[in-house]
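Survey of secondary and tertiary structure
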Amino acid sequence: MPELPEVEVTRLGITPWLQGQTIAAIHIYHKQLRWPIPESLYQLAGHRIEAIERRAKYLIVHCKQGYLLLHLGMSGKLRVVGKETPRVKHDHFEIELTSGQSMRLNDPRRFGAVLWFADISALNHQLKSLGPEPLLAEFTAEYLYQKSRNKQTAIKPFIMDNKIVVGVGNIYATESLFLSGIHPKRAAGNISLKRYKILVENIKKVLAAAIEQGGTTLKDFAKADGNPGYFAQKLLVYGRSGQACTVCGETLKSMQLGQRASVYCKNCQK
């Protein structure tokens, strides 16, 4: 599943091609995604794309008359190609631009979403339950510490909860906890403010590094230009169960936690 760094890399990849451009046509090839793609999007022909932002794992395409909200789901990708480029299997949605370029959503599993909101209040209502962005100043150790008080939830699913903080998916939670020396099963409420300061710093560091490296390509993600991300080459624990810890040499263990595989080092993560 594309996580926050992959979505941010996608935003960076498509923005130079879309921002300031005028939409020539909208094409819906398969309307049934996570929710049906609204046919009202056909009215966007002639609209100018003002900006492209990201909130959590959503991409927000600002038009003068409203907001297009995109989610890549489990396997979605956005590609910018020449409009004459032949479509490939699982291309479900396309924004054709007057520049001669097209942005296409390819989603084999069809868990992605393409939604339209005519005003900012409707958009905000859709996104109201989301926690703070992890790379912004509002995400602090003090915030996470206060949210965790009296919580017996294991720390890993706690930081993966989008109501607490957005975008810390399985890969990045696993890596951040390892760097912070925190066992993924430890109760969130039993972690000190001092340790949360280390964890927040590492969450920011890991996510920023993944964005710089172009995201983490495992199975499904590729950047808007079709090239892979390279952060997977730098993973210390995720996907390395049974291998030696890069710090102490101990064999890395794996367990199921919150229906996700959690790899950890029993020596480094107490």
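Residue numbering note: each chain is counted from 1, following its sequence as written. Confidence filtering applies because this is a predicted model: local features only for residues at pLDDT of at least 70, side-chain atom pairs given and counted only at 80 or more, and all residues used for totals across whole chains, interfaces and linings. To get the side-chain values, take all heavy atoms of the structure and skip hydrogens and water.

Applied cut-off: UniProt positions are given in the numbering used here, feature names are shortened, and annotations may be inferred rather than shown by experiment.
The protein chain has the name Formamidopyrimidine-DNA glycosylase in an unreviewed UniProt entry, where Catenovulum sediminis is given as its organism. Per UniProt, the protein chain carries the Subunit (unreviewed entry) text "Monomer." Per UniProt, the comment on the protein chain under Sequence similarities (unreviewed entry) is "Belongs to the FPG family."

1. Examining the overall build of the protein chain
Operational definition: Helix and strand definitions here come from DSSP, where helices need a minimum of 4 consecutive H or I residues and strands a minimum of 2 consecutive E residues; each element is numbered from the N-terminal end. In this description the radius of gyration comes from C-alpha coordinates, and the expected globular size is given by 2.2 Å times residues to the power 0.38. Note on exposure labels: buried denotes an accessible area under 20% of the residue type's maximum, exposed denotes more than 50%, and partly exposed covers the range between, all computed with a 1.4 Å probe on protein chains only. Residue contacts follow a heavy-atom distance rule, with two residues in contact if any of their heavy atoms lie within 4.5 Å.
Helix and strand counts for the protein chain come out as six helices and 10 strands. By the compact-globule yardstick of 18 Å for 270 residues, the protein chain fits well, its C-alpha radius of gyration being 20 Å. In terms of principal-axis extent, the alpha carbons of the protein chain reach across some 60 × 35 × 30 Å. Looking at the protein chain as a whole, 49% of its 270 residues qualify as buried. Taking as baseline every contact in the protein chain between residues at least 6 positions apart, the subset at least 24 positions apart corresponds to 64%.

2. As for the pairing of strand E4 (residues 66–71)
Formally: Strand pairing follows a simple DSSP-based rule, namely that at least 2 bridges must link the two strands.
Counting buried positions over the six residues of E4 gives six, a clear majority of the element. Along E4, one buried face is formed by Gly66, Leu68 and Leu70 and the opposite face, lined by Tyr67, Leu69 and His71, is buried too. Bridge count between strand E3 (residues 58–63) and E4: six bridges; the pairing is antiparallel. Counted as the bridge partner of His62 is Tyr67 from E4. In this antiparallel pair of consecutive strands, E3 and E4, the connection spans two residues. Relative to strand E8 (residues 113–117), E4 runs antiparallel, the two sharing five bridges. Residue pairing across strands places Leu68 opposite Trp116, the latter belonging to E8.

3. Describing the packing of aromatic side chains
What counts here: The rule is short: rings of Phe, Tyr and Trp, with Trp giving its six-membered ring, pair when the centres are within 6.5 Å, and they are stacked under 30 degrees, edge-to-face over 60, tilted in between. To sit over a ring, a charge needs its Lys NZ or Arg CZ within 6 Å of the ring centre and within 35 degrees of the ring normal.
As enumerated under the stated definition, the model contains two aromatic pairs in all. Pairing Phe139 with Tyr143 gives two aromatic rings, centres 6.4 Å apart and planes at 70°, and the pair type is edge-to-face. Look at Phe139 and you get buried, because its relative accessible area is 1%. Over the ring of Tyr29 we find Arg87, and its NZ or CZ is 3.7 Å from the ring centre. Over the aromatic face of Tyr145 sits the side chain of Arg149, whose NZ or CZ is 3.8 Å from the ring centroid.

4. Some words on the sheet that holds strand E6 (residues 91–97)
Note: strands within a sheet are paired through backbone hydrogen bonds, in either parallel or antiparallel orientation. Which entries qualify depends on this criterion: Axis angles are defined between N-to-C directions and span 0 to 180 degrees, where every axis is a line fitted to C-alpha atoms and, for a helix, only to the segment in contact.
With respect to topology, four strands assemble into an open sheet ordered E1-E6-E7-E5, the strand pairing being antiparallel. Across the chains shown, the open sheet's two edge strands, defined by having one partner strand only, are strand E1 (23–28) and strand E5 (77–82). Neighbour to neighbour, the strand axes of the sheet diverge by 20° on average, direction disregarded. Pairing of E6 with strand E7 (residues 101–106), which is carried by five bridges, proceeds in the antiparallel orientation.

5. Observations regarding the UniProt feature "domain: Formamidopyrimidine-DNA glycosylase catalytic" (unreviewed entry) in the protein chain
Mapped onto this structure's residue numbering, the UniProt feature "domain: Formamidopyrimidine-DNA glycosylase catalytic" (unreviewed entry) falls at residues 2–112. Structurally, residues 2–112 comprises 14% helix and 40% strand, and the distance from its first C-alpha atom to its last is 11 Å.

6. Remarks on the nonpolar core
Buried together is how nonpolar side chains tend to be arranged in soluble globular proteins. The criterion, for reference: Grouping buried Ala, Val, Leu, Ile, Met, Phe, Trp, Tyr and Cys residues that are joined through side-chain atoms within 4.5 Å yields what is termed a nonpolar core.
In terms of nonpolar packing, the biggest core is built from 27 residues, with Leu41, Leu68, Phe93 and Val114 touching the most fellow members. Those residues in contact with Phe93 that lie beyond four places of it in its chain are Ile26, His27, Ile28, Tyr29, Ile37, Leu41, Leu68, Met103, Arg104, Leu105 and Val114. Among the nonpolar cores identified, the runner-up in size contains 24 residues, and Ile155, Ile171, Leu199 and Leu207 belong to it.

7. Points about the UniProt feature "binding site: DNA" (unreviewed entry) in the protein chain
Mapped onto this numbering, the UniProt entry annotates "binding site: DNA" (unreviewed entry) at His90, Arg109 and Lys151. The named residues occupy 62 residues along the chain; their greatest pairwise C-alpha distance, 42.2 Å, places them well apart from one another. Assignment of secondary structure puts His90 in the loop between E5 and E6. Given the relative accessible area of 28%, His90 is considered partly exposed. Those residues in contact with His90 that lie beyond four places of it in its chain are Leu105, Asn106, Asp107 and Pro108. Note that Arg109 resides in the loop between E7 and E8. Not counting the four nearest positions on each side in its chain, Arg109 is found in contact with Met74 and Ser75.

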